[in-house]
Amino acid sequence: MRIGVDIGGTFTDLCAVDESGIVAVGKVLTTHDEPARAVEEGLAALLSDAGAVEQVVHGTTLVTNALIERKGSRTALLATAGFRDVLEMRREHRYELYDLRLELPAPLVPRHLRFDVPERILADGSVHTALDEQYVVRLGRELADRGIEAVAVCFLHAFTNPAHERRVAEILAEVAPSLRVALSSDVVPEIREFERASTTVANVYVQDLTERYLRDLEHRLRRLGIPGAPHIMLSNGGLATVDTAARHPIRILESGPAGGALAAAAIGPDDLLAFDMGGTTAKLCLIAGGAPLVTHQFEVDRKYRLLPGSGLPVQVPVTDMIEIGVGGGSIARIDALGLLTVGPDSAGSEPGPACYGRGGTEPTVTDADLVLGYLDPAYFLGGGMRLDAEAARTVLGEKIAGPLGVSVEEAAWGIHTSVNEDMANAARVHAVERGQDPAKLPMYTFGGAGPVHGVGVARALGAPSVVAPPAAGVLSAAGFLTAPLAFDFVRSARAAVHDLEWEQVDALFAEMEAEGEALLAKSGASEVTHRRIAEMRYAGQGYEIRVPVRGGDWPQTLIEEFTRTYRALYQRSGPEVGVEVLNWRVVSSGPAPDVTLRLKVPAKSGNARKGTRKAYFPAAGGFVDTAVFDRYLLTPGERVDGPAIVEERESTVVVPPGAHCVVREDAALEVTV
């Protein structure tokens, strides 16, 4: 048996799978002061219901939180002389042109800890100015004496010739062995100076914290009697060992959201929209051709959640999704204009929504859903946590309904629909920017709050159907168990396609593939496959697109593939100019696990209908009698007509009037909108 564990902002989710399917699930409140403690508590409870454990696969928000909260190591930056301020200068771009109070995230390294190192390598890799080794010796000793814990080294054109960076690492290891050192040529050997420096700094900034956490997690798993080290989910949808994750912690930045996208891809058709709504955020991801889209441009700690350029750039492969600050714990308020707004701040798990009874005093989305009758206060987390409906009504009345002059129910409905519209708008933009029409895609919804809001979001999008997979409330944890061991490699070598010989390109790919085989062999992968990718653009363009590299007539086959990919994205061909390649990539993967994400339900008998309760549907006149069903007693082929509510331990599916739900053979619930 294998167990997936996903630490979220509000809940820590667990899912156990064996050869027959999903055998056990769990959900516990996240312990923010000591995240591994919630993992241990959840596993201990899960192990009482399950058998022997072969492996644990883990995803965490630890790195993201450390960057946002600035809880990493005291870090210094060593840059080529004249380039130490690249972190501050960024790209000299105003992401909001007319905002006179424009905010940018502060660099992780303050200016007094950024140093100009005498050295210079040119774009072709030749040495213009030799490295001043004595300067590095003196600086290394001083940094260690001043209590600096980590050093990022980012020299100009080090992705072409890393000799100076590697020599600095050797010197620092001799004169200041206590310093953690990260080289840009190891972390992100790619063109673009600002992004490369930002990523290298972020990696070493969180490295100590991540390694201590992962070692603590290993210790707790051994204490529970679980053999073997856990595997860690990477942001691009692959798995890595603890050692690899500790060396490249920036690669696990978005590990949790990647799991849900993988699970949706494993369960659904080739093309779909995956919608994950948890306690803190909602994520939307396109699945195309049976796999989540991947991007190499990501930002953390955005000052404006939906505006690119307002955060710290991280140039690593991540599952391409849009994240919105609305989840079950998102706080609703009346803004300065007297309008209802929701999020992005969240009540989290401490204190949580008012209905949790843990000291929360602000109205949240969960409070609204409870007042509307969509949640059963006695069956939240399968009865493991009782909700206080009266507390939810009180806080909504005081903070929202009273100031707006409406009823509590109308205030709750306003929160519910506002969240749905926000998510639908974000999904529409995300899909269209990637050449897809969301109205033609089925939507797979999961996370603790996703199935409650799924049909509302789908209706706003015009999507034809909504599917709530088995164990929807913990699907991200289940998705971890479908991921293979994988890692990706990159080389920057800008050139016009017609100036390249296939032998040059093949040698570059072969070098990266050898690295991939060596790394995955240490991780235990028995067979390794490689996927080759070129990042290409028309000459003169500022950004590139990812194009698969296949065999065939060189370079015509590659140019045709680029043209086909470009047209799919932008619905037109580009200008009549040459085509160039900026980066070459290899994704090395081990074999995918043979996993069935089918809910294994204990043999039961009885009527699936649990009873009736009042739920709020304005189209039907307000509160109406709504049938409530036990998901675990519904059998494949059964149909449920709305208005209805289908409950399981970790999530609730709301079927509004005018819609109906059918249980599929894989136990997923499909709602036709």
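Residues numbered from 1 in each chain as written. Predicted model: local features only at pLDDT ≥ 70, side-chain atom pairs only at ≥ 80, totals over all residues. Heavy atoms only, no water.

Draft legend 1. Examining the layout of surface pockets more closely. Here the second largest pocket defines a volume of roughly 700 Å³. Those elements giving two or more residues to the lining of the second largest pocket turn out to be helix H6 (184–187), helix H9 (242–247), strand S25 (486–496) and helix H16 (502–523). Counting residues per element, the lining of the second largest pocket draws most heavily on S25, which supplies 8 residues. Among the residues making up the lining of the second largest pocket, the classes are represented as 13 nonpolar, 6 polar and 11 charged. (1 Å grid on protein atoms, 1.4 Å probe; cavity = no way out; pocket = protein on both sides within 12 Å on 5 of 7 lines; lining within 4 Å. Points joined across faces, edges and corners; volume = space filled by probe spheres on them. Helix = DSSP H or I, 4+ residues; strand = E, 2+ residues; numbered from the N terminus. Nonpolar A, V, L, I, M, F, W, Y, C, P; charged D, E, K, R; others polar.)

Draft legend 2. A look at the sheet that holds strand S26 (residues 529–538). Read across the open sheet, the 4 strands follow the order S25-S28-S26-S27; overall the sheet is antiparallel. Here the strands that pair on one side only, and so sit at the sheet edges, are S25 and strand S27 (545–548). In this sheet, adjacent strand axes meet at a mean angle of 25° when their direction is disregarded. Both S26 and strand S28 (residues 579–589) contribute to a ladder of 10 bridges, which runs antiparallel. Opposite Met-536, over in S28, you have Val-581 as the bridge partner. Helix-sheet contacts for helix H17 (residues 556–570) involve S26, S27 and S28, and the interaxial angle to S27 is about 130°. (Pairing = 2+ DSSP bridges. Axes fitted to C-alpha atoms, helices over the stretch in contact; angles between N-to-C directions. Contact = heavy atoms within 4.5 Å.)

Draft legend 3. Quick look at the pattern of salt bridges. Inspection of every chain in the model, using the stated rule, returns 48 salt bridges. Across the salt bridge formed by Glu-544 and Arg-192, the nearest N and O atoms sit 3.0 Å from each other. Linking Glu-544 in the loop between S26 and S27 with Arg-192 in the loop between H6 and helix H7 (193–205), this pair joins segments that are 352 residues apart in sequence. As far as the burial class goes, Glu-544 and Arg-192 line up, both buried. Here the salt bridges share partners, and the residues they tie into one network are Glu-34, Arg-37, Glu-40, Glu-41, Asp-216, Arg-220 and Arg-223. (Salt bridge = Lys/Arg side-chain N within 4 Å of Asp/Glu carboxyl O. Buried < 20%, exposed > 50% of the residue type's maximum accessible area, 1.4 Å probe, protein only.)

Draft legend 4. Representation of the sheet that holds strand S9 (residues 150–154) within the structure. As summarised here, the arrangement of the 4 strands in space is S6-S5-S9-S10, forming an open sheet in which the pairing is parallel. Strands at the two margins of the open sheet, each flanked by one partner only, are strand S6 (114–117) and strand S10 (180–183). Along the sheet, successive strands turn relative to each other by an average axial angle of 20°, direction set aside. Here S9 runs beside S10; their pairing, made up of 4 bridges, is parallel. Paired with Val-153 across the two strands is Leu-183, which belongs to S10. Set on the sheet, helix H4 (residues 133–145) makes contact with strand S5 (75–80), S6 and S9; between it and S6 the angle comes to about 165°.

Draft legend 5. View of the side chain of Asp-320. Mapped onto the elements of the fold, Asp-320 is located in the loop between strand S19 (318–319) and strand S20 (321–324). Asp-320 gets classed as buried once you look at its relative accessible area, which sits at 12%. Leave out the neighbours within four places in its chain, and Asp-320 touches Cys-285, Leu-286, Leu-293, Val-294, Thr-295, His-430 and Arg-434.

Draft legend 6. A look at empty space enclosed by the protein. Applying the stated criterion across every chain yields a total of 5 cavities of 30 Å³ or more. Within this model, the largest cavity holds a volume of roughly 90 Å³. Broken down by secondary-structure element, the contributors of at least two residues to the lining of the largest cavity are H7 and strand S18 (312–314). Examining the composition of the lining of the largest cavity, we find that 4 residues originate from one element, H7, more than from any other. Considered class by class, the residues forming the lining of the largest cavity number 10 nonpolar, 1 polar and 1 charged.

Draft legend 7. Structural context of the nonpolar core. Counting 100 residues, the largest nonpolar core has Ile-3, Leu-67, Leu-78, Leu-143, Ile-250, Met-536 and Trp-584 as its most contacted members. Ranked by residue count, the leading element in this core is H7, at 6 residues. Beyond its immediate sequence surroundings of up to four residues, Leu-67 is in contact with Leu-108, Ala-202, Tyr-205, Val-206, Ile-250, Leu-253, Val-300 and Asp-301. Grouped together as the second largest cluster of nonpolar side chains are 72 residues, Val-365, Ala-368, Ile-400 and Leu-461 included. (Core = buried A, V, L, I, M, F, W, Y, C linked by side-chain atoms within 4.5 Å.)

Draft legend 8. Local environment of helix H12 (residues 389–404). With 16 residues, H12 ought to run about 22 Å at 1.5 Å a step, and its terminal C-alpha atoms sit 21 Å apart, in line with that. Of all the residues in H12, the buried ones are Ala-392, Val-395, Leu-396, Ile-400 and Ala-401. Looking at the buried positions of H12, the neighbouring elements they touch are strand S21 (330–334), strand S22 (340–346), helix H11 (365–371) and helix H13 (408–432). N-capping of H12 is provided by Asp-388, with a side-chain oxygen placed 3.2 Å from the backbone N of Glu-390. Looking at the residues trailing H12, positive phi occurs at Gly-405, about 70°. (Expected span 1.5 Å × (residues − 1). Polar contact = N/O pair within 3.5 Å; in protein donor to acceptor, adjacent residues only side chain to side chain.)

Draft legend 9. Quick look at the side chain of Thr-366. Mapped onto the fold, Thr-366 is located in helix H11. The exposure class of Thr-366 is buried, given its relative accessible area of 8%. From its side chain, Thr-366 meets the backbone oxygen of Gly-328 in a polar contact 2.7 Å long. Among all residues touching Thr-366, those that are not within four sequence positions of it are Gly-328, Gly-329, Pro-353, Cys-355, Tyr-356 and Leu-375.

Draft legend 10. View of the packing of aromatic side chains. Under the defined criterion, the tally for this structure stands at 13 aromatic pairs. For the pair Phe-11 and Phe-380, a centre-to-centre distance of 6.4 Å together with 55° between the ring planes defines the contact as tilted. Within this pair, whereas Phe-11 is found in strand S2 (residues 11–18), its partner Phe-380 is found in the loop between H11 and H12, the two being separated by 369 residues in sequence. The same class applies to Phe-11 as to Phe-380, namely buried. (Phe/Tyr/Trp six-rings, centres within 6.5 Å; stacked < 30°, edge-to-face > 60°.)

Draft legend 11. Structural detail: the packing of helix H1 (residues 35–47) against helix H8 (residues 207–223). The contact between H1 and H8 brings their axes to 10 Å, and the two run at 20°. By the criterion of interaxial angle, the relationship of H1 to H8 is roughly parallel. Handedness of the crossing formed by H1 with H8: right-handed. Along the contact surface, H1 presents Pro-35, Ala-36, Arg-37, Val-39, Glu-40 and Leu-43, while H8 presents Tyr-213, Asp-216, Leu-217, Arg-220, Leu-221 and Arg-223. A breakdown of the residues in the contact of H1 with H8 according to their chemical character gives 7 nonpolar, no polar and 5 charged. (Parallel < 35°, antiparallel > 145°, perpendicular 65-115°, else oblique. Left-handed = near helix turned anticlockwise from the far one by under 90°.)

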